[in-house]
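Inside the fold
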Amino acid sequence: MSTPASDATTPVPVVASPSVRADGDEAGERGRLDISFGVVRRIAEHAADSTEGTVRTERRVAGLGFGEAGASAKVSGYGDQVDVRLEVPLAYPAPIALTVDAVRGNVRERVQTLTGYAVRSLDVTVSALSVPAGPAAPTSRVQ
């Protein structure tokens, strides 16, 4: 039986390895995988930034531009549970409560799916409200 050719657009099926190898060694005895909180932080920031309603803001100090910044996260925890604190700039005008709920759901799902950590607490602080760049609003003159 032949297998179909794969390219960058064709998903390749992944076959899970058995939990016991032929020599009797169980998966738990071979080692462990530790995911640092720095990785969890980056996943949380990316998940927050990719949520609709969040924006990236320009970082400025004393009038000098230092690029753009999006969500910022701090992660702590113990064992298989993490606590995440996010600061997120949001688009204005937008329903803040609904956007924050979407951020919470997206971050919690991505962190738990990609790392296996359970998100014990997730605090979100709205760090800025920013009007997205676009055409200038029309102005009216009173005569």
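To be clear, the structure that these remarks concern was listed above.
Conventions and cut-offs
- Counting restarts for each chain: residues are numbered from 1 in the order of the written sequence.
- Residue-level local features of this predicted model are given only where pLDDT is at least 70; pairs of side-chain atoms are given and counted only at 80 or more, and the full residue set underlies all totals for whole chains, interfaces and linings.
- The side-chain values count all of the structure's non-hydrogen atoms but skip hydrogen atoms and water molecules.
- Strands here are runs of E lasting at least two residues and helices are runs of H or I lasting at least four, both read from the DSSP assignment and numbered beginning at the N terminus.
- Exposed residues in this analysis have more than 50% of their type's maximum accessible area, buried residues have under 20%, and partly exposed residues fall in between, with area computed by a 1.4 Å probe over protein chains only.
- Residues belong to a common nonpolar core when they are buried Ala, Val, Leu, Ile, Met, Phe, Trp, Tyr or Cys residues joined through side-chain atoms within 4.5 Å.
- Should any heavy atoms of two residues lie within 4.5 Å, those residues are considered in contact.
- One side-chain nitrogen of Lys or Arg within 4 Å of one carboxyl oxygen of Asp or Glu is enough to make a salt bridge.
- Residues enter a patch when their relative accessible area is above 30% and they make no salt bridge; the linking distance is 9 Å between like charges and 5 Å between nonpolar side chains (Val, Leu, Ile, Met, Phe, Trp, Tyr).
- The method behind every accessible area is Shrake-Rupley, applied with a 1.4 Å probe, and residues are considered shielded solely by the protein chains displayed.
- Axis geometry follows a simple rule: fit a line to the C-alpha atoms, using only the stretch in contact for helices, then measure angles between N-to-C directions, giving values from 0 to 180 degrees.
- Should an angle fall under 35 degrees it is taken as roughly parallel, and over 145 as roughly antiparallel, whereas 65 to 115 is taken as roughly perpendicular and any remaining angle as oblique.
- Handedness of a crossing follows from how the near helix is turned relative to the far one, being left-handed for an anticlockwise turn of less than a right angle and right-handed for a clockwise one.
- When residues are grouped by polarity, Ala, Val, Leu, Ile, Met, Phe, Trp, Tyr, Cys and Pro land in nonpolar, Asp, Glu, Lys and Arg in charged, and all others, Gly among them, in polar.

**A short note on the environment of Gly38**
Following the sequence through the fold, Gly38 ends up in helix H2 (residues 37-49). The exposure class of Gly38 is partly exposed, given its relative accessible area of 33%. For the pair Gly38 and Lys74, spaced 36 residues apart in sequence, the C-alpha separation works out to 8.7 Å.

**Structural notes on the nonpolar core**
By size, the foremost hydrophobic cluster in this structure holds 22 residues, and its most contacted members are Ala48, Val82, Val84, Leu86, Val88, Val107 and Val111. Only H2, strand E3 (72-78), strand E4 (81-91), helix H3 (96-115) and strand E5 (118-130) provide two or more residues apiece to this core.

**Side note on the side chain of Thr99**
Mapped onto the elements, Thr99 comes out in helix H3. Once residues lying within four places of it in the same chain are set aside, the contact partners of Thr99 are Glu52, Gly53, Thr54, Leu90 and Ala94.

**What to know about the pattern of salt bridges**
The full count for this structure, using the stated rule, is five salt bridges. Its salt-bridge partner being Arg32, residue Asp34 comes within 3.0 Å of it at the nearest N-O pair. One salt bridge in this structure joins Asp83 and Arg120, with 2.7 Å as the shortest N-O distance. One end of the pair, Asp83, is in strand E4; the other, Arg120, is in strand E5, with 37 residues separating them in the sequence. With relative accessibility at 46%, the residue Arg120 sits in the partly exposed group.

**Regarding a nonpolar patch on the surface**
Together, Tyr92, Ile96, Val126, Leu129 and Val131 give the surface a local cluster of nonpolar side chains, amounting to about 440 Å² of exposed area. With respect to the helices, strands and loops of the structure, Ile96 is situated in helix H3.

**With respect to the packing of H2 against H3**
H3 packs onto H2 with a crossing angle of 140° between their chain directions and a minimal axis gap of 8 Å. As the angle between them shows, H2 and H3 are arranged oblique. For the crossing formed where H2 meets H3, the hand is right-handed. Across from Val40, Ile43, Ala44, Ala47 and Ala48 in H2, the residues of H3 making contact are Val103, Asn106, Val107, Arg110, Val111, Leu114 and Thr115. Here the contact of H2 with H3 is composed, by residue class, of nine nonpolar, two polar and one charged.

In short, the description is geometric, and any link to function would need to be established separately.
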